[in-house]
Amino acid sequence: MIIMAGIDYNLASIDLREKFSFTDETLTGAYERLKNMPEIRGAVLISTCNRTELYVSSGDDEINAFGLLRDLAGVVGNGLSGYTANGLGVMRHLCGLAGGLKSQILGEDQIIAQVKEAIKTARELRAVDSILEVLFRESIAAAKMIKSKITLGTREDSIVHRALEAIEKHGNVKRALVIGNGEIGRLMTKTLVENGYHTTMTLRTYRHGETLVPPGTHTVNYAARYDKLSDCDVLISATRSPHYTIVAEQVRKDTAYPKLWLDLAVPRDIDPEIVMKLPDAVYYDVDTLSAGETYQNRAEKETQASEIIEKYVADFEKWLSYQHVINGQDRKEFFPLFISSRGKKALIVGGGKVAARRVKTLLQFEFEVTVVAPESTREIHDLHNKGRLTLITRQFNDTDLDGVFLTVAATNNREVNQHMGKLAAQRGIFASIADKSDECGFLFPAIAISGNIVAGLTSGGKSHHAVVQAARKVREIL
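Residues numbered from 1 in each chain as written. Predicted model: local features only at pLDDT ≥ 70, side-chain atom pairs only at ≥ 80, totals over all residues. Heavy atoms only, no water.

Asks: What exactly am I supposed to notice about the environment of glutamine 426 here?
Replies: One can find glutamine 426 in helix α15 (residues 414-427). Exposure remark for glutamine 426: the relative accessible area of 48% places this residue in the partly exposed category. Separated by 302 residues in the primary sequence, glutamine 426 and glutamate 124 have C-alpha atoms spaced 6.7 Å apart. (Helix = DSSP H or I, 4+ residues; strand = E, 2+ residues; numbered from the N terminus. Buried < 20%, exposed > 50% of the residue type's maximum accessible area, 1.4 Å probe, protein only.)

What follows is the structure, given as structure tokens:
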């Protein structure tokens, strides 16, 4: 059973939508809750400025998807309602959504990237199943076909270009400050620079990974954003922060400040009280920027898009029918693949008994084994002293995964193990997470070796004892 539920700009104002929105931190917690629900086989959450939606693959036909979405978001109160769909209706909805047919600004380009990011995040957090994988893959393909075959809007039909229009109408704007280095923030900055505005972008000093700054952009530390207000004519904020990036009380009205404030985020970045403190301030949020849009040919465009969508829906329906036929068979998730270990790097993080067992197994092959742990067993130390492995005595660093083929997270810290699993998934590294099998990219097998014969056994993470017993019997036979 596939079902979805959501709430969007048609049903809720920005005040309510921001209560349903998920930040990076709350999204992880929501997925953990979903994975711990036995009736949920897979789930994907989409949280954008215009909507929040939950897609679920479930064995329970009676599941209340909107009630579940409301619980995950922590929204209480009676009278709240959203929209739902089930079965093939879910795919019709998702195709239209990714194709820009359901956006406030018809045909806007950001939504397909947001849908791609949503399934990518669910995949990295091990929350998606094969049905939702195919659903999203085919819906994104349909959306691309819609955009290639039908002209839904123009380049200006996006929230970024609505913001540019507001800036141009305001007049006497030369200097802009953009808060946020995400996709929308970078696109806004790039657009401003291309249109001749002196543009400064805030950067956070603690942000990990590569920070992309559009050419021609000036930068300032995020912590200095209030000081920079006196040096700009317009402020635009577009982050995924759960808190205000600009608090009204911290804006000084006895000095220069921008007269134009544009908030492109949900939940909102700029404290709406700014217009109370600064009577001459002009404030826009995503709803006011998108208001008043009409499209004379919208019905015709939607009809054309529906013809494309139905072809993809028919293919998905055939795939589902095939799944129903073969699901009666006891299919296994993990395939036993024998790969060359010669010259490949294997990283073990942790130095306890579990790590030691994994090390001994890997050393039976031609892996170059490295162990990273602040403390480790005598056995691991001895193997290091004999030159059998490399021991690094410290906590795990993200860079330890550079050049690694497979890794084992075997620490006694759940957060470290989980972080390693996510990072390995992002980098395409096979990862075994010792304390949580559903986060594994591969399951570490029990090994039986005799001469040239190598056997590996696993129960799919279901029964360690049964695997141990089976491996003992295989060794006796060999």
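Asks: I tried to follow the pairing of strand β16 (residues 446-450) on my own but got confused; where do I start?
Replies: Successive side chains on a regular strand alternate, one facing one side of the sheet and the next facing the other. Summarising the sheet, β16 and strand β17 (residues 453-457) pair through five bridges and their orientation is antiparallel. Following the sheet pairing, isoleucine 449 is matched in β17 by valine 454. (Pairing = 2+ DSSP bridges.)

Asks: Even after reading the chapter, I still don't get the sheet that holds strand β14 (residues 406-409), so can you show me in this structure?
Replies: The strands making up a sheet associate through backbone hydrogen bonding, with each pair oriented either parallel or antiparallel. Taken in spatial order, the five strands make up an open sheet running β13-β12-β11-β14-β15, and their pairing is parallel. Edge positions in the sheet fall to β13 (390-392) and β15 (430-433), since each of these pairs with one other strand and no more. Strand after strand, the sheet turns through a mean of 15 degrees between neighbouring axes, direction not considered. Relative to strand β11 (residues 345-349), helix α13 (residues 353-362) is tilted by about 165 degrees, and along the sheet it contacts β11, β12 (368-372) and β14. Where α15 meets the sheet, it contacts β11, β14 and β15, and its direction lies at approximately 160 degrees from that of β14. (Axes fitted to C-alpha atoms, helices over the stretch in contact; angles between N-to-C directions. Contact = heavy atoms within 4.5 Å.)

Asks: Sorry, what's going on with the nonpolar core here?
Replies: Within soluble globular proteins, side chains that are nonpolar generally end up buried alongside one another. Val44, Tyr55 and Leu135 are the most contacted members of the largest nonpolar core, which has 64 residues in total. Of the residues forming this core, the biggest block, nine residues, is contributed by helix α6 (residues 130-149). Counting 24 residues, the second-largest nonpolar core is a separate cluster that includes Ile105, Val173, Met188 and Val266. (Core = buried A, V, L, I, M, F, W, Y, C linked by side-chain atoms within 4.5 Å.)

Asks: I keep staring at the pairing of β11 and nothing clicks. Help me out?
Replies: Counting buried positions over the five residues of β11 gives four, a clear majority of the element. When β11 meets β12, the two strands line up parallel, connected through five bridges. Looking at the pairing, leucine 347 lines up with threonine 370 of β12. Read from β11 through α13 to β12, the crossover connection turns out right-handed. (Right-handed = clockwise from strand over helix to strand, strands pointing away.)

Asks: Explain the pattern of salt bridges here, please?
Replies: A side chain with one charge may pair with a side chain of the opposite charge, provided their charged atoms come close. Evaluated as defined, the whole model comprises 22 salt bridges. Taking the shortest distance from any N to any O, the salt bridge between glutamate 32 and lysine 35 comes out at 3.2 Å. Of this pair, glutamate 32 and lysine 35 both sit in helix α2 (residues 24-35), three residues apart, which is roughly one turn of the helix. Taking the relative accessible area as the measure of exposure, glutamate 32 reaches 16% and is therefore buried. (Salt bridge = Lys/Arg side-chain N within 4 Å of Asp/Glu carboxyl O.)

Asks: Got a minute to help me understand unusual backbone geometry in this structure?
Replies: If a residue is not glycine, its phi is most likely negative; likewise, a peptide bond is most likely trans. A cis amide bond, omega 0 degrees, links valine 266 with the succeeding residue proline 267. Structurally, the position occupied by proline 267 is in the loop between β9 (260-263) and α10 (274-277). For arginine 126, which is not glycine, the phi dihedral falls at a positive 60 degrees. Taking relative accessible area as the criterion, arginine 126 reaches 26% and is therefore assigned partly exposed. If you check the backbone angles, asparagine 172 has positive phi at about 55 degrees while not being a glycine. Within the fold, asparagine 172 resides in the loop between α7 (159-170) and β5 (175-179).

Asks: In this structure, what is going on with the sheet that holds strand β8 (residues 234-237)? I would like to understand it.
Replies: The six strands are arranged β7-β6-β5-β8-β9-β10 in an open sheet whose pairing can be described as parallel. In the strand order of this sheet, the two ends are held by β7 (218-221) and β10 (282-284), each with one partner. Pairwise comparison of adjacent strand axes, ignoring direction, gives a mean angle of 20 degrees for this sheet. Where β8 lies against β9, four bridges are found, and the strand directions are parallel. Counted as the bridge partner of leucine 235 is tryptophan 261 from β9.

Asks: Sorry, what's going on with the side chain of glutamate 32 here?
Replies: Here the side chain of glutamate 32 touches lysine 35 through a polar contact of 3.2 Å, side chain to side chain. Beyond its immediate sequence surroundings of up to four residues, glutamate 32 is in contact with Gln418, Lys436 and Glu439. (Polar contact = N/O pair within 3.5 Å; in protein donor to acceptor, adjacent residues only side chain to side chain.)

Asks: Could you clarify how one ought to interpret the packing of α13 against helix α14 (residues 378-385) in this entry?
Replies: When two helices pack together, their arrangement is given by the angle between the helix axes and the distance between those axes. Direction vectors running N to C along α13 and α14 enclose 35 degrees, while the axes themselves pass 9 Å from each other. Note on element contacts: α14 touches α13 through Glu379, Ile380 and Leu383, opposite Ala355, Ala356, Val359 and Lys360. Counted by class, the contact of α13 with α14 contains five nonpolar, no polar and two charged residues. (Nonpolar A, V, L, I, M, F, W, Y, C, P; charged D, E, K, R; others polar.)

Asks: Explain the environment of glycine 42 here, please?
Replies: Following the sequence through the fold, glycine 42 ends up in strand β2 (residues 40-47). A sequence separation of 85 residues divides glycine 42 from alanine 127, and the C-alpha atoms of the two residues are 5.4 Å apart. Beyond its immediate sequence surroundings of up to four residues, glycine 42 is in contact with Tyr55, Val56, Ser57, Ala127, Val128, Asp129 and Leu132.

Asks: Help me understand the packing of α2 against helix α3 (residues 65-73), please; the structure alone is not making it clear to me.
Replies: Contact pair α2 / α3: the axes reach a minimum separation of 10 Å and the direction vectors enclose 135 degrees. Comparing the axis directions of α2 and α3 gives the class oblique. Taken as a pair, α2 and α3 cross one another with a handedness that is right-handed. Contacts between α2 and α3 involve Ala30, Arg33 and Leu34 from the first element and Leu68, Asp71 and Leu72 from the second. A breakdown of the residues in the contact of α2 with α3 according to their chemical character gives four nonpolar, no polar and two charged. (Parallel < 35°, antiparallel > 145°, perpendicular 65-115°, else oblique. Left-handed = near helix turned anticlockwise from the far one by under 90°.)

Asks: Just to check I follow, could you spell out a nonpolar patch on the surface for this structure?
Replies: Together, Phe335, Leu337 and Ile339 give the surface a local cluster of nonpolar side chains, amounting to about 360 Å² of exposed area. Relative to the helices and strands, leucine 337 resides in the loop between α12 (298-326) and β11. Relative accessible area serves as the criterion here: at 60%, leucine 337 is assigned to the exposed category. (Patch = residues over 30% accessible without salt bridge, like charges linked within 9 Å, V, L, I, M, F, W, Y side chains within 5 Å. Areas by Shrake-Rupley, 256 points an atom, 1.4 Å probe, with all protein chains shown as cover.)

Asks: For this particular structure, what's the right way to read the environment of alanine 65?
Replies: When you line up the elements, alanine 65 lands in helix α3. By relative accessible area, which is 2% here, alanine 65 ends up buried. Sequence separation between alanine 65 and tyrosine 83 is 18 residues, and the spatial gap between their C-alpha atoms is 9.6 Å. Residues contacting alanine 65, with those up to four places away along its chain left out, are Ile3, Met4, Ala5 and Leu54.

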